[in-house]
Amino acid sequence: MNFISLALVNCHSIANMWSVYELFDMIFRHLQDFLLVSDSKGTDNLMSAQQEFSGDFKSMPVSFRWIDSKSSDEKNPPKPLEATDDRSFVSSIVEMPQDMFTNFYMRTLGIKMIYPGATLINQMVMAAKIREYRSRLLLEFNGKRAKLLTYDGNMIDSMFIDRRGPTKKGSTLVICCEGNIGYYECGSLWTPLNAGYSVLGWNHPGFGESTGEPFPEQEVNAVDVVMKYAMEDLKFTPDNIILFGWSIGGFTASWAAMKYPYIKGLILDASFDHIDNVVTSKLPSVARRFWKISLQKNFNIDISGLLNKYYGPVLVIRRTKDIVVSDFLADRLQSNRANHIIFNLFQSRFPSLMSDQNVRSHLWNYLSTESFGQEELIRQFKVSEEECRPILRNFMFKNGFHFPVMIGNDLDDDTKKKLIFFLASKHLLDFEDHHSTPLPAKYFMEPWDLLREPSRISSG
């Protein structure tokens with residue numbers, strides 16, 4: 001493919017990029033709904049707070065440095081997962097000019113398409129709301145704004161709301177990782193905040209007043225300093241931290257879960273398994289190979305790959321009307337990439353059970369239905385907490401409490417079916433709305449722990 005045709009293909013590709021849809025979906029359809037705090041309080045105080053707090057990030061002293069952390073190792077800095085190149089040596093040589101073009105493209109225009117929140121136009125559109133709601137966090141919730149210095153030299157803008165004491169759930173900190181057009185000031189942070197949790201929000205490199213650009217290398221450096229700040233400066237132990245990733249924020253949330261496996265849990269909302277599966281599903285077939293190679297080399301945002309290295313509690317929130325992480329031309333629910341997060345997760349954690357083709361078919365049938373259909377399957381096959389939980393617990397007590405759990409080989413077909421439905425009900429929660437609709441606080445549930453957490457399904 002010559003460069004002219006390649007450029008034409010990418011003009012078509014840009015028009016179909018998932019981030020373009022998300023940009024308009026967020027700004028024009030859901031922005032007002034996303035700003036959850038009442039507009040009725042303290043206009044004069046609010047304006048004063050904006051003047052005092054909103055324009056001084058550059059002059060703020062650094063609150064926490066990665067290099068000063070007692071757990072930091074300069075010889076082992078944060079790194080994203082590296083993609084494997086399965087091309088032959090000859091193919092690599094032949095495609096070297098395309099690779100050079102790819103690298104240039106993704107480092108200039110491509111990053112703006114994947115992270116439109118870092119573009120000047122979006123920051124201008126959102127600037128007033130960002131200042132307004134940052135001020136609300138400071139005034140109404142006594143927020144603590146902090147400047148965090150990463151290993152690679154970026155300054156990350158963060159906001160901490162301490163609910164320890166005032167609320168029962170306040171002893172748990174939720175660290176929020178925003179989407180590709182989200183800012184902590186008016187993003188997913190409000191969901192756990194309204195649910196009573198302590199929260200820590202932060203902006204991607206290049207978003208708001210955070211410096212840098214949201215390349216994977218800088219993203220993992222940012223979330224790593226946020227985690228260290230939470231544990232060492234804010235004094236939250238890992239077992240009292242939940243990571244909450246919305247959309248592409250599932251990447252940094254999953255990376256941090258892999259790096260800090262003893263957290264309380266990981267919640268992925270409106271997320272996906274791998275970015276190339278989201279992007280290429282919306283492109284003409286002629287453009288898919290280019291984008292697949294481009295993304296894997298420059299933006300290997302492989303959430304399922306990260307989850308394969310994390311064995312703590314996980315909850316996947318699937319938005320049933322989501323067209324951003326599903327295929328335009330296929331059934332919206334069946335093509336939702338959250339299904340593949342669950343499927344891949346179970347293959348990693350329960351490989352013996354998933355080795356049975358019938359079990360995989362039953363799981364896919366479950367994932368292909370909405371909540372009412374899932375509840376019908378639970379009733380039809382009499383899936384119950386009382387039966388399934390002891391089977392899992394007894395197996396793990398005999399064989400060790402670790403993953404992967406090799407249960408399945410000695411079970412009959414009916415028991416396998418019940419187990420896979422039971423496990424799916426524990427890991428998947430449906431929210432019947434669109435990609436950018438704010439998640440109501442009632443949907444914010446702590447991920448299920450195999451030995452301790454109560455069930456979310458009815459027994460019998």
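Here is what the cut-offs are and how they apply
- Residues numbered from 1 in each chain as written.
- Predicted model: local features only at pLDDT ≥ 70, side-chain atom pairs only at ≥ 80, totals over all residues.
- Heavy atoms only, no water.
- Helix = DSSP H or I, 4+ residues; strand = E, 2+ residues; numbered from the N terminus.
- Buried < 20%, exposed > 50% of the residue type's maximum accessible area, 1.4 Å probe, protein only.
- Contact = heavy atoms within 4.5 Å.
- Areas by Shrake-Rupley, 256 points an atom, 1.4 Å probe, with all protein chains shown as cover.
- Expected span 1.5 Å × (residues − 1).
- Bend = angle between axes of the 7 residues up to and from the residue.
- Axes fitted to C-alpha atoms, helices over the stretch in contact; angles between N-to-C directions.
- Parallel < 35°, antiparallel > 145°, perpendicular 65-115°, else oblique.
- Nonpolar A, V, L, I, M, F, W, Y, C, P; charged D, E, K, R; others polar.
- Pairing = 2+ DSSP bridges.
- Core = buried A, V, L, I, M, F, W, Y, C linked by side-chain atoms within 4.5 Å.
- pLDDT = per-residue confidence, 0-100.
- Left-handed = near helix turned anticlockwise from the far one by under 90°.

**Considering the overall build of the chain**
Next up, step 1: Secondary structure assignment for the chain yields 18 helices and nine strands.
Next up, step 2: In the chain, buried positions account for 58% of the 460 residues.
Next up, step 3: When contacts within the chain are restricted to residue pairs at least 6 apart in sequence, long-range pairs at least 24 apart make up 79% of them.
Next up, step 4: On the chain, roughly 19,200 Å² of surface is accessible, and the fraction owed to carbon and sulfur atoms is 54%.

**Thoughts on helix H5 (residues 96-114)**
Next up, step 1: Taking 1.5 Å of rise per residue, the 19 residues of H5 would be expected to cover 27 Å, yet its terminal C-alpha atoms sit only 23 Å apart, more than 12% below that figure.
Next up, step 2: The largest bend in H5 comes to about 50°, at Met106.
Next up, step 3: Taken together, the buried positions of H5 are occupied by Gln98, Asp99, Thr102, Tyr105, Met106, Gly110, Ile111, Met113 and Ile114.

**Regarding the packing of helix H17 (residues 385-399) against helix H18 (residues 413-427)**
Geometrically, a packed helix pair is captured by the angle between its two axes and the distance between the axes.
Next up, step 1: One can describe the packing of H17 onto H18 by two numbers: an axis separation of 10 Å at closest approach and a directional angle of 95°. Here H17 lies roughly perpendicular to H18, going by the angle between them. Contacts between H17 and H18 involve Glu385, Glu387, Cys388, Arg389, Ile391 and Leu392 from the first element and Thr415, Lys418, Leu419, Phe422, Leu423 and Lys426 from the second.
Next up, step 2: Of the residues belonging to the contact of H17 with H18, the class tally is six nonpolar, one polar and five charged.

**Remarks on the sheet that holds strand E3 (residues 155-161)**
Next up, step 1: Overall, mixed pairing links the nine strands, which are arranged E1-E2-E3-E5-E4-E6-E7-E8-E9 in an open sheet. Across the chains shown, the open sheet's two edge strands, defined by having one partner strand only, are strand E1 (64-65) and strand E9 (428-431).
Next up, step 2: Here E1 pairs with strand E2 (residues 144-149) via two bridges, running parallel. Bridging from a neighbouring strand, Arg65 pairs with Leu149 of E2.

**Concerning the nonpolar core**
Next up, step 1: Counting residues in hydrophobic clusters, the biggest one holds 98 residues, and the most contacted among them are Ile175 and Phe346.
Next up, step 2: Ranked by residues supplied to this core, first place goes to helix H8 (residues 216-233) with nine residues.
Next up, step 3: The residues contacting Ile175, other than those within four sequence positions of it, are Leu200, Trp202, Val226, Met227, Ala230, Ile241, Ile242, Leu243 and Phe244.
Next up, step 4: One finds Ile161, Val174, Cys176 and Phe244 within the second-largest nonpolar core, a separate group that totals 23 residues.

**Some remarks on the confidence of the model for the chain**
Parts of the prediction with low pLDDT should not have their coordinates interpreted in detail.
Next up, step 1: Of the residues in the chain, 85% have a pLDDT of 70 or more, and the chain-wide mean is 86.
Next up, step 2: Confidence drops under a pLDDT of 50 for residues 1-20, and excluding neighbours within four residues, the segment shows 41 contacts in the predicted structure.
Next up, step 3: When the criterion is pLDDT under 50, residues 453-460 qualifies, and its contacts beyond four places in sequence or with other chains add up to 30 contacts.

**Considering the packing of helix H15 (residues 357-367) against H18**
Next up, step 1: The contact between H15 and H18 brings their axes to 9 Å, and the two run at 40°. In terms of orientation, H15 lies oblique with respect to H18. Crossing angle aside, the handedness with which H15 passes H18 is right-handed. Counted together, Val359, His362, Leu363 and Tyr366 of H15 and Lys416, Lys417, Ile420, Phe421, Ala424 and Ser425 of H18 form the full contact between these two elements.
Next up, step 2: Residues of the contact of H15 with H18, tallied by class, amount to six nonpolar, two polar and two charged.

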